[in-house]
Amino acid sequence: MKLKILGSQGALPRRGMYSSSQILNIKNKHILIDCPEGIQFQLKSFRIKFSKIDFILISHAHGDHYFGLIGLISTYSLLRRKNKLSVFCPRVVSEILNTQMKISSMFISYELEIIELNSNDSEKIYESNDFSISTIPLKHSTYCNGFLFQEKNNKRKLNIDLALKLNINKVYYNKLTKGENVFNENGDEINYREVTSKGLKNKSYAYCSDTTYYPSIIEKISHVDLLYHESTFLEKDREKAKLTMHSTAMDAAKIARDAQVNKLIIGHFSSRYENLDLFVNEVKQIFQNVELAFDGKDIDI
Ligand SMILES: [Zn+2]
Ligand SMILES: [Zn+2]
């Protein structure tokens, strides 16, 4: 899994920095997570091919997370997109989109599937042979979800020299890496464990968008390889965090520590702070493996 941070800031524009958005590459699918206004410019500046995006996930109906959606949907038609696009978003965002498209009689050149999210419980919203996506209900001033991405069925590693020696036909190599027994050319059954070893670990990533400190999510995100958690404020501005239903760096740290995640990335910083290192310092008081999100940052998960 590879994650690219497209934007790392909160709602107010800041020179040279963009509102929160990310693109996740999981098993060759590209998922845009949140879509602030003018997303096309950010995609262009990082040389990401627009048509690559298979899914768009919207956490909630605040402008810094979805105002770019209608623009991107329209741009795709101008570019004569042909491949299907699936958008997962809160019901209210779907209603806004449909109204915008209807009023402007927008021509759509591709299959646009809009999946409305309205459950207050976690639900699996996508599943393939390779990975799944589930919602992480969050607590914010409007209906809001985070998203949990989990790889599955990572293949085992084949010892090719041994496979050749055991006279196994190449057409069975794939079966072996999937953990299935096969017969060799002599008619003997070969146990997959004999010629394969444990492959790559199935990785997991949790994206926790705007939320107040909400320990109910801990069970859901327990032991993920990477957690992104918003951290709009520093602890000294706790009252502001409370009022706006956002988290402080300390809140994000507590969640990361209690969920025993491997690594934490923080973002969605309020534009009032000049020195973002203060966020890292605050987190490190209780959780060490932390990094700041910044526009253009690449993370291998
Ligand atoms: Zn926001
Ligand atoms: Zn918000």
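For the structure itself, look to the data block above.
Residues numbered from 1 in each chain as written. Chains lettered and ligands numbered in written order. Predicted model: local features only at pLDDT ≥ 70, side-chain atom pairs only at ≥ 80, totals over all residues. Heavy atoms only, no water.

### A look at the coordination of the zinc ion (ligand 1)
When a metal holds four donors in a tetrahedron, each ideal angle between them is 109.5 degrees; when it holds six in an octahedron, the ideal angles are 90 or 180 degrees. What counts here: Keep in mind that water is not among the atoms, so a site may look incomplete; donors are the N, O and S atoms within 2.8 Å of the metal, or 3.2 Å for Na, K and Ca. Each label reflects the angles at the metal, where four donors whose angles all fall between 85 and 135 degrees are tetrahedral, four or six donors whose opposite pairs open beyond 155 degrees and whose other angles stay between 65 and 115 are square planar or octahedral respectively, and the rest are irregular. To qualify as a helix, a DSSP run of H or I must reach at least 4 residues; to qualify as a strand, a run of E must reach at least 2; elements of each kind are numbered from the N terminus. To sort residues, take the accessible area from a 1.4 Å probe on protein chains only and compare it with the maximum for the residue type: under 20% means buried, over 50% means exposed, and anything in between is partly exposed.
In this structure, D64 (OD), H65 (NE2), D210 (OD) and H268 (NE2) serve as the protein donors to the zinc ion (ligand 1), at separations of 2.1 to 2.2 Å. Bound by 4 donor atoms, the zinc ion (ligand 1) shows angles of 91 to 167° at the metal and therefore irregular coordination geometry. Written as a sequence motif, the donor arrangement for the zinc ion (ligand 1) is D-H-x144-D-x57-H. In this structure, the zinc ion (ligand 1) lies 3.6 Å away from the zinc ion (ligand 2), the two metals sharing D210 as a donor. Of this pair, D64 sits in helix 2 (residues 63–66) while H268 is found in the loop between strand 16 (263–267) and helix 10 (277–284), placing the two residues 204 residues apart along the sequence. Side by side, D64 and H268 carry an identical accessibility label, which is buried.

### Here we look at helix 10
Condition: Within this analysis, the arc is defined by the directions that extend from the helix axis to the C-beta atoms. Any two residues whose heavy atoms approach within 4.5 Å are treated as being in contact.
Among all positions of helix 10, only F279, V280, E282 and V283 are buried. Angular distribution of buried residues about the axis of helix 10 spans 160°; they occupy a single face of the element. Among the structural elements, helix 9 (249–258), strand 16 and strand 17 (290–292) are those in contact with the buried residues of helix 10.

### With respect to the packing of aromatic side chains
Selection rule: In this scheme Phe, Tyr and Trp rings, the latter by its six-membered ring, pair at centre separations within 6.5 Å, and the angle between planes marks the pair as stacked below 30 degrees, edge-to-face above 60, and tilted otherwise. Over a ring means this: the NZ of a Lys or the CZ of an Arg is within 6 Å of the ring centre and within 35 degrees of the ring normal.
Taken as a whole and judged by the stated rule, the model has 9 aromatic pairs. Ring centres 6.1 Å apart and planes at 65° place the aromatic pair F55 and F88 in the edge-to-face group. With F55 in strand 4 (residues 53–57) and F88 in strand 5 (residues 85–90), the pair connects residues that are 33 residues apart, well separated along the chain. Comparing F55 with F88 shows no difference in burial state: the two are buried. With a centroid separation of 5.9 Å and an interplanar angle of 15°, the aromatic rings of F149 and Y205 are classed as stacked. Residue F149 is found in strand 9 (residues 145–151), and its partner Y205 is found in strand 14 (residues 204–208); the two are separated by 56 residues along the sequence. With relative accessibility at 0%, the residue Y205 sits in the buried group. The lysine or arginine in question, R81, covers the ring of Y110, its NZ or CZ lying 5.6 Å from the ring centre. One cation-aromatic arrangement involves K254 over Y213; the distance from NZ or CZ to the ring centre is 5.3 Å.

### With respect to the coordination of the zinc ion (ligand 2)
Donor atoms from the polypeptide that bind the zinc ion (ligand 2) are H60 (NE2), H62 (ND1), H140 (NE2) and D210 (OD), placed at 2.2 to 2.3 Å. For the zinc ion (ligand 2), the donor residues sit on a single chain with the sequence spacing H-x1-H-x77-H-x69-D.

### A word on the state of the cysteines
What counts is decided by this rule: By disulfide we mean two sulfur atoms from cysteines, separated by a distance within 2.5 Å.
Within the structure shown, the criterion is met by 0 disulfides. In this structure C89 is a free cysteine whose sulfur lies 11 Å from that of C35, the closest cysteine sulfur available.

### A closer look at helix 4 (residues 91–103)
Rule in force here: A helix's residues, less one, multiplied by 1.5 Å, set its expected span.
Here helix 4 contains 13 residues, and its C-alpha end-to-end distance of 18 Å stays within 8% of the 18 Å for a straight helix at 1.5 Å per residue. Considered for burial, the residues of helix 4 that qualify are V93, S94, L97 and M101. In a view along the axis of helix 4, the buried residues occupy a sector of 100°, so they form one face of it. Among the exposed residues of helix 4, those pointing more than 90 degrees away from its buried face are K102 and I103. One or two steps after helix 4, the chain reaches S105, where phi turns positive at roughly 45°.

### Some remarks on the packing of helix 3 (residues 69–78) against helix 4
Operational definition: Every angle, taken between N-to-C directions, lies between 0 and 180 degrees, and every axis is a line fitted to C-alpha atoms, over only the stretch in contact when it is a helix. The scheme is simple: roughly parallel for angles under 35 degrees, roughly antiparallel for over 145, roughly perpendicular for 65 to 115, oblique for anything else. It is the rotation of the near helix from the far one that decides the hand of a crossing: anticlockwise by less than a right angle makes it left-handed, clockwise makes it right-handed. In this count, Pro and Cys sit with the nonpolar residues alongside Ala, Val, Leu, Ile, Met, Phe, Trp and Tyr, while Asp, Glu, Lys and Arg are called charged and the others, Gly among them, polar.
Here helix 3 crosses helix 4 at 50°, and the two axes come no closer than 10 Å. Relative to helix 4, the element helix 3 is oriented oblique. For the element pair helix 3 and helix 4, the recorded crossing hand is right-handed. Each of L69, I70 and I73 in helix 3 lies in contact with helix 4, whose residues at this interface are V93, L97, Q100 and M101. By residue class, the composition of the contact of helix 3 with helix 4 is 6 nonpolar, 1 polar and no charged.

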